[in-house]
Protein chains: 2
Amino acid sequence: MADPLPSWNDGAAKSAIVAFVKATTDPASKDFVRQEDRIATFDQDGTLWVEHPMYAQLAFALSRLAELAPQHPEWTTTEPFKSALAGDLAAFARFTMADLEQLVAASHAGMSTGDFLGIVRAWLAKATHPRWKRPYTELVYQPMLEVMQFLRANGFKTYIVTGGGQAFVRAYAEHVYGTPPELVIGSSLETQFEYDDDGKAVLMRPPKLLLYNDLAGKPQDIYLFLGREPRAAFGNSTGDQQMLEYTQAGGGTRLMTLVLHDDPEREYSYGPEAGQTDSKFGAFTPALYDQAVSKGWNVASIKRDWKRVFPFES
Amino acid sequence: MADPLPSWNDGAAKSAIVAFVKATTDPASKDFVRQEDRIATFDQDGTLWVEHPMYAQLAFALSRLAELAPQHPEWTTTEPFKSALAGDLAAFARFTMADLEQLVAASHAGMSTGDFLGIVRAWLAKATHPRWKRPYTELVYQPMLEVMQFLRANGFKTYIVTGGGQAFVRAYAEHVYGTPPELVIGSSLETQFEYDDDGKAVLMRPPKLLLYNDLAGKPQDIYLFLGREPRAAFGNSTGDQQMLEYTQAGGGTRLMTLVLHDDPEREYSYGPEAGQTDSKFGAFTPALYDQAVSKGWNVASIKRDWKRVFPFES
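Bear in mind that the values here come from a model prediction, so they are computed numbers and not experimental data. (Residues numbered from 1 in each chain as written. Chains lettered and ligands numbered in written order. Predicted model: local features only at pLDDT ≥ 70, side-chain atom pairs only at ≥ 80, totals over all residues. Heavy atoms only, no water.)

1. Focus: the pairing of strand β3 (residues 184-189) of chain B
Residue and element names in this part refer to chain B. Applied cut-off: Exposure is judged per residue with a 1.4 Å probe applied to protein chains only, and the accessible area is read against the type maximum: over 50% gives exposed, under 20% gives buried, and values in between give partly exposed. A helix here means a DSSP run of H or I that spans at least four residues, while a strand means a run of E at least two residues long, and both kinds are numbered starting from the N terminus. Note: two strands are recorded as paired if DSSP finds a minimum of 2 bridges between them. Orient the strands so they point away from the viewer, and a crossover whose first-strand-to-second-strand path over the helix runs clockwise is right-handed.
For β3, the buried fraction is high: six of the six residues fall into the buried class. Two strands pair when backbone bridges link them, and strand β2 (residues 157-165) and β3 are joined in this way by four bridges, in the parallel orientation. Opposite T162, over in β3, you have G186 as the bridge partner. Read from β2 through helix α8 (residues 166-177) to β3, the crossover connection turns out right-handed. Bridge count between β3 and strand β6 (residues 209-211): two bridges; the pairing is antiparallel. Pairing of S188 across the sheet is with L211, part of β6.

2. A look at the packing of helix α9 (residues 217-226) of chain A against α8 of chain B
For the record, the criterion: Each axis is a line fitted through C-alpha atoms, and for a helix only the stretch in contact is used; angles between axes span 0 to 180 degrees, taken between their N-to-C directions. Angle categories are assigned with fixed cut-offs, so that under 35 degrees is roughly parallel, over 145 is roughly antiparallel, 65 to 115 is roughly perpendicular, and the rest are oblique. Residue contacts are defined here by distance: any two heavy atoms, one from each residue, within 4.5 Å place the two residues in contact. Gly falls in the polar group here, along with every residue not listed as nonpolar (Ala, Val, Leu, Ile, Met, Phe, Trp, Tyr, Cys, Pro) or charged (Asp, Glu, Lys, Arg).
For the pair α9 of chain A and α8 of chain B, interaxial distance at closest approach is 10 Å and the crossing angle is 55°. Between α9 of chain A and α8 of chain B, the crossing angle belongs to the class labelled oblique. Counting all contacts with α9 of chain A, which are made through Y223, L224, F225 and L226 of chain A, the residues of α8 of chain B involved are Q166, A167 and R170 of chain B. Classifying every residue of the contact of α9 of chain A with α8 of chain B gives five nonpolar, one polar and one charged.

3. Notes on the pairing of strand β7 (residues 232-235) of chain B
All names here are of chain B. Across the two faces of β7 the burial is the same, with A232 and F234 and A233 and G235 all buried. Summarising the sheet, strand β1 (residues 39-42) and β7 pair through three bridges and their orientation is parallel. If you follow F42 over to β7, its bridge partner there is F234. As judged from the four bridges shared by β7 and strand β8 (residues 255-260), these two strands associate in the parallel manner. Within β8, the position partnered with G235 by the bridge is L258. In terms of handedness, the path from β7 via helix α10 (residues 241-249) over to β8 forms a crossover that is right-handed.

4. Considering the nonpolar core
One recurring pattern in soluble globular proteins: nonpolar side chains tend to sit buried together. Inclusion rule: We call a set of buried residues a nonpolar core when its members are Ala, Val, Leu, Ile, Met, Phe, Trp, Tyr or Cys and they connect through side-chain atoms within 4.5 Å of each other.
Residues M144 and Y177 of chain A together with M144 and Y177 of chain B are the most contacted members of the largest nonpolar core, which totals 189 residues. If we ignore the near neighbours within four places in the chain, the residues touching Y177 of chain A are Q44, L48, W49, V140, L145, M148, R152, I160 and Y172 of chain A.

5. A few points about the packing of aromatic side chains
Geometry of an aromatic ring pair is reported as the spacing of the ring centres plus the angle between the planes. The condition is simple: Here the aromatic set is Phe, Tyr and Trp, taking the six-membered ring for Trp, and pairing holds for ring centres within 6.5 Å; pairs whose planes are under 30 degrees apart are stacked, those over 60 apart are edge-to-face, and all others are tilted. Whether a charge sits over a ring depends on NZ of Lys or CZ of Arg being within 6 Å of the ring centre and within 35 degrees of the ring normal.
The full count for this structure, using the stated rule, is 41 aromatic pairs over all chains. Arranged with centres 6.0 Å apart and planes meeting at 80°, the rings of F60 of chain A and F116 of chain A form a pair that is edge-to-face. Taken together, the positions of F60 of chain A in helix α2 (residues 56-68) and F116 of chain A in helix α6 (residues 113-126) put the pair 56 residues apart, joining distant regions of the chain. Note on accessibility: F60 of chain A and F116 of chain A belong to one class, buried. When the ring of W8 of chain B is compared with that of W306 of chain B, the centres are 6.0 Å apart and the planes differ by 75°; the resulting orientation is edge-to-face. Of this pair, W8 of chain B sits in the segment before α1 (12-25) while W306 of chain B sits in the segment after α12 (302-305), and the two are 298 residues apart along the sequence. Residue classification places W306 of chain B among the buried residues on the basis of a relative accessible area of 1%. The structure contains a cluster of three or more aromatic residues connected by ring pairs, namely W49, F60, F116, W123, Y136, F168, Y172 and Y177 of chain A. For R131 of chain A, the ring lying beneath its charged end belongs to Y268 of chain A, and the centroid distance is 4.9 Å.

Have a look at this one:
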């Protein structure tokens, strides 16, 4: 049999994933799970693709604010817009939830769902990551693509459960991850049903948050969308803690995995070993590390466990 | 080839369903739809199962209120509880949305998601419909079960999109319709992530409405869950109008179907031909009928188009 995870080094992290799939899909196993119940959930930012130096969606929001700024001269003197337009990363660290909601409202709302999809896709086609000078959609982790594919080949449905915007991630998830829109759960604005000038039904995006899909929001929304606990969950930060706890609470054989960012040469280092107790984008705190150890969660170190990070590496 | 819809009489309604499936699944057809995009949505009450003399879920709520009443002596003198406990159907017709929310809060909230599932299943196991003296879960429409199966056999995902409670319907949807929980979209309470006494993650049900999945809420929630318009949608009342409009707005070959309740002998009659302009449970108004005709929607008459109504009929 070919190695289902060729970009993983042999070791505990890889073994845990392979053993989980074997235990849950072998009909002779006491941990066998029928196909209908094979559900795996993946955080996106920092778990499936790069989240530093800032979330791709934040780069999108800033680009869109810059585009809209000429129509909003008041933004040059009003926070949080002033700092956002200046690209002041230090100011971002001080933004409150209310500030972020204002930025999201100004950059993500006020158009139809179809128009928003077009805006995101147009940005993705031209935007590049500041370090690799490649489209953000190329900065996905090859080892995690292999995990998704391995699980799917074994009858698992692989959901993305992201703190990022659901409509944003859906704009590329099928193309990039093979994940169709109905398998993307994310933070969401409300929509509003209206009729356009031709009397045709259309959904608009008012600036009103419906789901904040991070922290406790992740298990809450997994329940809303799926009605049950995942069998396997993958994350990389404190925003994923409750999703992993909820997965484990389901009982039986479950796989809880955290990706550890400890490789500044090939990617970034912002885990507990980097002496960081917090990171604005994807905090993997020492407390979370301790919890992973004490609860028997799987920790995948990028430095130690990943042979290759990106698909474009030879 | 065997008839995929044996409980349907030959006629325009049946032909429209068969023609839609053929057009969207024949690779040689100009209307071919790739399998990933084959999505069909079904209203539940009045479309998949009986909704008269009252919604099954309302019967559940009343039964639960009666069970809880001894702990709430104040209900005997306070509306809407007083009328609800008295089973006063005329009073129900006057209940406001706020009244109904109070009844839902008292009967559906305040426990964990797992406990609620157990409560619903225990009720379903003993409750019977007043007319047929059979469990509610037997009062499903055989012709519609065949439509669901026919669509699935042709690569469609068949979602239930109900104004009823998502958690309520999920308690039996897999068993009754072959519809797993993740394909049930319904009105939903918020959930709240907590830890139980053993420190285990658990979701509680506070009395707070998150999604009201009726009328405009249907397309809004379809977008939230799926990110796109269905190819086919089935309903029976004004609560389904916007879902059908949203389906049609997707363009191309789409199937919009309304079930018409016009058979008082075998089921009930509360459509426009019954002279009813409104019904508390499943209003099919003359205006909706006119819209169906003018927009080319498919209308399936129970009297004319269904050879058999229930699975238990010989």
